[in-house]
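Reading the structure
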Amino acid sequence: MNIKPIPPVAKIIPHKLVKHKHTRIDDYYWLNDRENPEVIDYLNKENEYYHSVTADTKALQEELFEEMKSRIKEDDQSVPYFYNGYYYITRFEKGQNYPIYSRKKETLSAVEEILFDCNELAKGQSYFHLGGLSVSPDNSKALFSVDVVGRRIYTIQIKNLLTGQLLSDTIKNVTGTAVWANDNQTIFYSCQDEVTLRSDKIFKHKLGISQEEDVLVYFEKDETFNVEIAKSKSNKYLAIESGSTLTTEYQILDANTPDEKFRLFQKRVRGLEYSINHYGDSFYILTNKDEAENFKLMKTPETATSKENWVEVIPHRADVLLEDIEIFKNYLVLEERANGLNTIKIIPWNGDEAYYLPFESETYTACASTNVDFDTDILRYSYQSLATPSSVIDFNMKTKEKVVLKEQQVLGGKFDKNNYKEERVWATARDGVKVPISLVYKKELLKDGKNPLLQYAYGSYGYSIDCSFSSTRLSLLDRGFVFAIAHIRGGEDLGRNWYETGKLLQKKNTFTDFIDCSEFLIQEKYTSPEHLYAEGGSAGGLLMGAVANIAPNLYNGIIAQVAFVDVVTTMLDESIPLTTGEYDEWGNPNQKIYYEYMLSYSPYDNVVAQDYPNMYISTGLHDSQVQYWEPAKWVAKLRVMKTDSNLLFLDTNMDAGHGGASGRFEALKELAKEFSFLLELEKIKN
């Protein structure tokens, strides 16, 4: 790499922040203003610096892009699913960036109806995302939502599927989630606060009426809650869900009477989480009621829904996390997690013996797929592993026969899953807890400490990182990389307690687990500090920032995407999207105990004068979840404080938000940047 260009240095404007009689000085607080031309100028200069220094990697980036693109079946399509008289299909055409949504009436040999061609809708837009798509019960209309900025602020429109024309109805500045009532004339949708982007309102819209006349059905006053609207699989009920990190509350309404009032299902009780599924004359409730930490299944009549009426169906189990359910006419399907692995259990309603689907690997992911039909014996599920492409499978729950409908194609003629080895190993954390690590690499690899290894983790919100297949990852594996997922605390990989012991005042377990996994991989000679790389995004970017401060000597390079690194300042700013709703995850810094704990690990606040690894940090100007200024301030501070000459890049997508570039091939270009960063560092080491 050419390292002659001089990196930009952000100007210092000290800003005093005082809380709990403690003063912090933030020299780069001024970057918190995307309307300021000086801010945009600084971001552009960082981009110019990145492009200048990496100019001689452009050929490698192009090679990686073409290589990854060549493995993708461009003219691909989803497995059709049948619903309400139509087969629905999502497909891509060669050379196109966006999907085409279509349907066929009654049979797959019928004429295709194009519902939405996103390539046409995206023309002239630097960013495009199609949000909630929902067809009316009578199949004559479809509502859809579009975001062309990347801040997850959508506009809803309605298309007449018989004429192909758009109706005059336009609903702006909404979340994009909407559902039909059964009268085919009424739509319920969610709307967010203009400043915080918290989803806090549910409106009712009648076709042909202006948005200004829409009726406010519900307003969520509690700033720690978000609301959304959904329809039951049975199509009988509409449900408003109010949810925070620890608490949920539902209100329900018969979908046939949209002008009636919603009724409370079970009022909120702090710490009580539940979700509802309707079937027949009952609701099935997945809940942590009665200290069921790993959740249990309960049932209640649809006429008596408060918790004193709930009856246990599947009891709580200390060693099994009950994640989700699917209800069919003749079967109940449980999606569980035991010892860190997905399981799917089939329970016949008629009392026949229950059974589990057999899975042999320890590095796989299996989950229910699109199951919209009640009256069927077929369960559709997906399966993949770190070395096995994703498959969509129809399983006959009566005969126990399965049909693989589709396996993801990896084009190019070079891929053979038998060329790769998958492993699950266990690292011992510093407090004695065993942490699983999933690995994949080429079979001929020697454990001599010289292998480049990319270690990935997330570790927040109870979000488990499962072992999915990636055709793009082959570009690293085939060049000798080991890929590792560290299933650290903060996720739910080993049950609910795994999450509880990785948040709030135990958040540091997330960071030390990751570091202890790295040390284990080094000790077992999968790699060495000279060849070890770490990656994480969003809350996983917080993890990267903490790890960089605590154990910089363990890593040759770090990739941090849309990194949440300015924890204290963000969590004190109630105008920022997501802040108040996340007090139960991180703590409320208005309380001194949480303020001091956050301050002790917040990556931005803990940058010190020391050597740091090579770092590639990316963000999006329009990110609504982690504001661009967090990574920007972090990089500005690192530039001044770090004592090494290692690479430090800030790469800001000036057109995108939290999810990065839109379009399947534009996203590959961002990935090619990351991979070239790793490969160039390896070339220097070798």
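Structure: above.
These remarks concern the structure in this document. (Residues numbered from 1 in each chain as written. Predicted model: local features only at pLDDT ≥ 70, side-chain atom pairs only at ≥ 80, totals over all residues. Heavy atoms only, no water.)

1. A word on the overall build of the protein chain
Looking only at helices and strands, the protein chain has 12 helices and 38 strands in total. Taking 2.2 N^0.38 as the reference for a compact globule, 686 residues should give roughly 26 Å; the C-alpha atoms of the protein chain span a radius of gyration of 25 Å, in line with that estimate. On the principal axes, the C-alpha backbone points of the protein chain span a range of 65 × 55 × 50 Å. In the protein chain, which comprises 686 residues, the share counted as buried stands at 58%. Of the contacts made within the protein chain by residues no fewer than 6 positions apart, 56% connect residues no fewer than 24 positions apart. Carbon and sulfur atoms make up 49% of the accessible area of the protein chain, which totals about 28,500 Å². One finds the centroid of the 77 positive side-chain charges in the protein chain at a distance of 1 Å from the centroid of its 101 negative side-chain charges. (Helix = DSSP H or I, 4+ residues; strand = E, 2+ residues; numbered from the N terminus. Rg over C-alpha atoms; globule rule 2.2 N^0.38 Å. Buried < 20%, exposed > 50% of the residue type's maximum accessible area, 1.4 Å probe, protein only. Contact = heavy atoms within 4.5 Å. Areas by Shrake-Rupley, 256 points an atom, 1.4 Å probe, with all protein chains shown as cover. Lys, Arg positive; Asp, Glu negative; His and termini not counted. Charge placed at Lys NZ, Arg CZ, Asp CG, Glu CD.)

2. Side note on the pattern of salt bridges
What the rule picks out here adds up to 47 salt bridges. The residue Lys442 makes a salt bridge to Glu444 at a minimum N-O spacing of 3.6 Å. Glu444 sits in the exposed class, given a relative accessible area of 56%. Here the salt bridges do not stand alone but share partners, grouping Glu273, Glu492, Arg496, Glu500 and Lys503 into one network. (Salt bridge = Lys/Arg side-chain N within 4 Å of Asp/Glu carboxyl O.)

3. Observations concerning the packing of helix 1 (residues 37-53) against helix 11 (residues 629-641)
Where helix 1 meets helix 11, the axes come as close as 12 Å, and the angle between the chain directions of the two elements is 65°. Handedness of the crossing formed by helix 1 with helix 11: left-handed. Contact residues: Tyr42, Leu43, Glu46 and Tyr49 in helix 1; Ala632, Val635, Ala636 and Arg639 in helix 11. Looking at the contact of helix 1 with helix 11 residue by residue, the class counts come to 6 nonpolar, no polar and 2 charged. (Axes fitted to C-alpha atoms, helices over the stretch in contact; angles between N-to-C directions. Left-handed = near helix turned anticlockwise from the far one by under 90°. Nonpolar A, V, L, I, M, F, W, Y, C, P; charged D, E, K, R; others polar.)

4. Examining the environment of Lys221
By the secondary structure assignment, Lys221 is in the loop between strand 14 (215-219) and strand 15 (226-231). A C-alpha to C-alpha distance of 53 Å links Lys221 and Asn451, two positions 230 residues apart in sequence.

5. So, the sheet that holds strand 19 (residues 274-279)
Sheet strands associate in pairs through backbone hydrogen bonding, adopting either a parallel or an antiparallel arrangement. Across the sheet, which stays open at both edges, the 4 strands sit in the order 19-20-21-22 with antiparallel pairing between neighbours. Each of the sheet's edge strands pairs with one partner strand only, and the pair in question is strand 19 and strand 22 (311-314). Pairs of neighbouring strands in the sheet enclose a mean axial angle of 30°, with direction left out of account. (Pairing = 2+ DSSP bridges.)

6. A word on helix 2 (residues 58-70)
With 13 residues, helix 2 should cover 18 Å at 1.5 Å per step; its first-to-last C-alpha distance of 18 Å lies within 8% of that length. Regarding helix 2, the residues found buried are Leu60, Gln61, Leu64, Phe65 and Met68. Here the buried residues of helix 2 occupy an arc of 135° about the axis, which is enough to place them on one side. Buried residues in helix 2 make contact with helix 1, helix 4 (474-477) and helix 12 (664-685). (Expected span 1.5 Å × (residues − 1). Arc of directions from axis to C-beta.)

7. Considering a nonpolar patch on the surface
Where nonpolar side chains cluster on the molecular surface, the patch consists of Val9, Val640 and Met641 and spans about 260 Å² of accessible area. Its location among the elements puts Val9 in the segment before strand 1 (15-19). (Patch = residues over 30% accessible without salt bridge, like charges linked within 9 Å, V, L, I, M, F, W, Y side chains within 5 Å.)

8. Some details on empty space enclosed by the protein
Going through the model one piece at a time under the given rule, you end up with 3 cavities of 30 Å³ or more. Computed from the structure, the largest cavity encloses a volume of approximately 90 Å³. Lining the largest cavity are 15 residues, and of these Gly340, Leu341, Ser438, Cys467 and His487 sit closest to its centre. (1 Å grid on protein atoms, 1.4 Å probe; cavity = no way out; pocket = protein on both sides within 12 Å on 5 of 7 lines; lining within 4 Å. Points joined across faces, edges and corners; volume = space filled by probe spheres on them.)

9. Here we look at unusual backbone geometry
Among all residues save glycine, negative phi is the norm, and among peptide bonds the norm is trans. Positive phi is not limited to glycine here, since Asn84 has a value of about 55°. With respect to the helices, strands and loops of the structure, Asn84 is situated in the loop between strand 3 (81-83) and strand 4 (86-91). One non-glycine residue, Lys400, adopts positive backbone phi at about 65°. Locating Lys400 in the fold gives a position in the loop between strand 29 (391-396) and strand 30 (402-407).

10. Let's talk about the sheet that holds strand 30
With respect to topology, 4 strands assemble into an open sheet ordered 27-28-29-30, the strand pairing being antiparallel. Looking along the sheet, the strands with just one partner apiece sit at the ends: strand 27 (364-368) and strand 30. Direction aside, neighbouring strands of the sheet carry axes that sit 25° apart on average. In the sheet, strand 28 (residues 378-385) pairs with strand 29 via 6 bridges, with the strands oriented antiparallel. Counted as the bridge partner of Ser382 is Val392 from strand 29.

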